[in-house]
Amino acid sequence: MATLTPSLTSARRLVIKIGSALLVGPQGLRGDWLQGLCDDVAEWRRGGSDVVLVSSGSIALGRRVLGLPPGALALEQAQAAAAVGQIRLARAYEEALAPHGVTTAQVLLTLEDSAERRRYLNSRATMQMLLSFGVVPIVNENDTIATDEIRYGDNDRLAAQIAVTCGADQLLLLSDVDGLYTANPKTDPTARHLPVIRQLTPEIEAMGGDPVSGLSRGGMKTKLMAARTAIAGGCAMVIAEGSVTRPLTAVAEGARASWFLPDGDPQTARKRWIAAMKPKGVLSIDQGAADALRRGKSLLPAGVRAITGTFGRGDPVTISGPSGEALATGLSRYTADEARRIIGHHSAEIETILGYPGRAALVHRDDMAL
């Protein structure tokens, strides 16, 4: 049975990546284009979609202000340009979305924020909270502090990681190309456009070249790397040409694009990922907590009777029932030492016991595979 191509208008949670070449031109910020994009974002929000923007452009904006020459920049120059450009980039989005009554937030990340599990969970919790308030996060790599060892290097892969982190079901990469071709269409007249990619085979991955514009750091190869991350996380990804005034509307109305289809949905993919982890400890719970877990509830400290093992925040643990049977694998929001101090207590007592505010759940239902 054929798999239907997703519709951008059906996105429950949509992550949009904006390339520098779309946002910044020879004369600086393309204000009219940005306003059209933000008009689309506001329309999608009114339609019930959560929206996250992963936006390039801070270095491109900052280098103009600082008068830096075209071409590659030294690390210190790029960091300085990013520091100057980031504030202008965030303000531009804020001013474009404010007339629609949409609140924005700036989120700056590095590769370490997703590679290290505790920081990944903190990033995830922050993003989830912002979205629950109806905020549109504006995400970028923290170029002011990132060095080669702790950077993504391109916002295609950052956007894919953000999509997985926040449980997005669709990722849109707005670029200067309208999708994936069997070869470079600028040099090969026989190149065919691929509207739907159901599996990332070695043959598909070999089609990714490295055409890079003067303002961007990505190419088709990085987009295919992003696709692998996104679809593994249950998120459909689409590559589309974004220079039109209302790029989301254009894609929704059938503009040429390439869709990469996932196997399953984000929640299912995340549960599979957690279930495959090797637990570092065991949380033994009472019957009431076991019943609550089966109803889809989070695990609260009050329902835990004993803890074994040594684990840190974000580490996987087995949750066992009153008879010792394994009920679930989950990611602990506390270290083993912290957890031992709060088990058997109500969540309202956590701050008094630990001396600082904590999260209500010991293991949240979103971080649990039954």
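The rules behind the values
In this numbering scheme, every chain counts its residues from 1 along its sequence in written order. Since the coordinates come from a predicted model, pLDDT governs what is reported: local features require at least 70, and pairs of side-chain atoms require 80 or more to be given and counted, while whole-chain, interface and lining totals use all residues. No hydrogens and no water enter the side-chain calculation; it runs on all heavy atoms of the structure. Think of it this way: DSSP has to see at least two bridges between two strands before they count as a pair. In this text, helices come from DSSP runs of H or I with a minimum length of four residues, and strands from runs of E with a minimum of two, each type numbered from the N-terminal end. By definition in these notes, contact holds between two residues if any of their heavy atoms fall within 4.5 Å. For helices, the axis comes from a line fit to the C-alpha atoms of the stretch in contact; other axes are also lines fit to C-alpha atoms, and the angle between any two N-to-C directions lies between 0 and 180 degrees. The rule for a disulfide is simple: a pair of cysteine sulfur atoms within 2.5 Å. Buried, partly exposed and exposed residues are distinguished by accessible area as a fraction of the type maximum, computed with a 1.4 Å probe on protein chains only: under 20%, between the cut-offs, and over 50%, respectively. What makes a salt bridge here is a side-chain nitrogen of Lys or Arg within 4 Å of a carboxyl oxygen of Asp or Glu, nothing more. UniProt positions are given in the numbering used here, feature names are shortened, and annotations may be inferred rather than shown by experiment. N or O atoms closer than or at 3.5 Å make up a polar contact, with two conditions inside protein: a donor-capable atom paired with an acceptor-capable one, and, for residues adjacent in sequence, both atoms drawn from side chains.

Let's shift gears to the sheet that holds strand β4 (residues 50-55). Spatial strand order, β5-β6-β4-β1-β7-β11-β12-β10: 8 strands in an open sheet with mixed pairing. Edge positions in the sheet fall to β5 (104-109) and β10 (196-197), since each of these pairs with one other strand and no more. In this structure, strand β1 (residues 13-18) lies alongside β4, joined through 6 bridges in parallel fashion. Within β4, the residue paired with R13 across the bridge is D50. In this fold helix α4 (residues 75-97) packs onto β1, β4, β5 and β6 (136-141), with an angle of close to 150° to the strand it touches most, β5.

All right, on to the state of the cysteines then. Scanning the entire structure with this criterion turns up 0 disulfides. With no disulfide of its own, C38 lies closest to C166 among cysteine sulfurs, the gap being 18 Å. Sulfur of C166: no disulfide; nearest cysteine sulfur belongs to C235 and is 8.0 Å away. The class of C166 is buried, set by a relative accessible area of 1%.

Per the stated rule, a full pass over the model turns up 14 salt bridges. Across the pair D367 and R270 runs a salt bridge, and its minimum N-O distance is 2.2 Å. Placement of the pair is D367 in the loop between α14 (350-354) and β17 (368-369) and R270 in helix α11 (residues 266-275), with a sequence separation of 97 residues. Comparing D367 with R270 shows no difference in burial state: the two are buried. A salt bridge links D291 to R294; the nearest nitrogen and oxygen atoms lie 3.6 Å apart. Of this pair, D291 and R294 both sit in helix α12 (residues 287-294), separated by 3 residues, roughly a single helical turn.

Sites flagged by UniProt as "binding site: substrate" (unreviewed entry) map to S56, D143 and N155. Within the secondary structure layout, S56 lies in the loop between β4 and α3 (58-66). Given a relative accessible area of 12%, S56 falls into the buried group.

A word on the environment of V164. Take V164: it is sitting in helix α7 (residues 155-165). The spatial distance from the C-alpha of V164 to the C-alpha of Q267 is 9.6 Å, given a sequence separation of 103 residues. In this structure V164 touches Y120, R124, T229, A230 and G233, once residues within four positions along its chain are discounted.

Mapped onto this structure's residue numbering, the UniProt feature "binding site: ATP" (unreviewed entry) falls at K17, S175 and D176. In terms of the greatest pairwise C-alpha distance, the residues named above, spread along 160 residues, form a tight cluster of at most 12.0 Å across. Locating S175 in the fold gives a position in strand β7 (residues 170-175). If we skip the residues at most four places from it in the chain, S175 touches L22, K223, A240, E241 and G242. There is a polar contact of 3.2 Å between the side chain of D176 and the side chain of S175.

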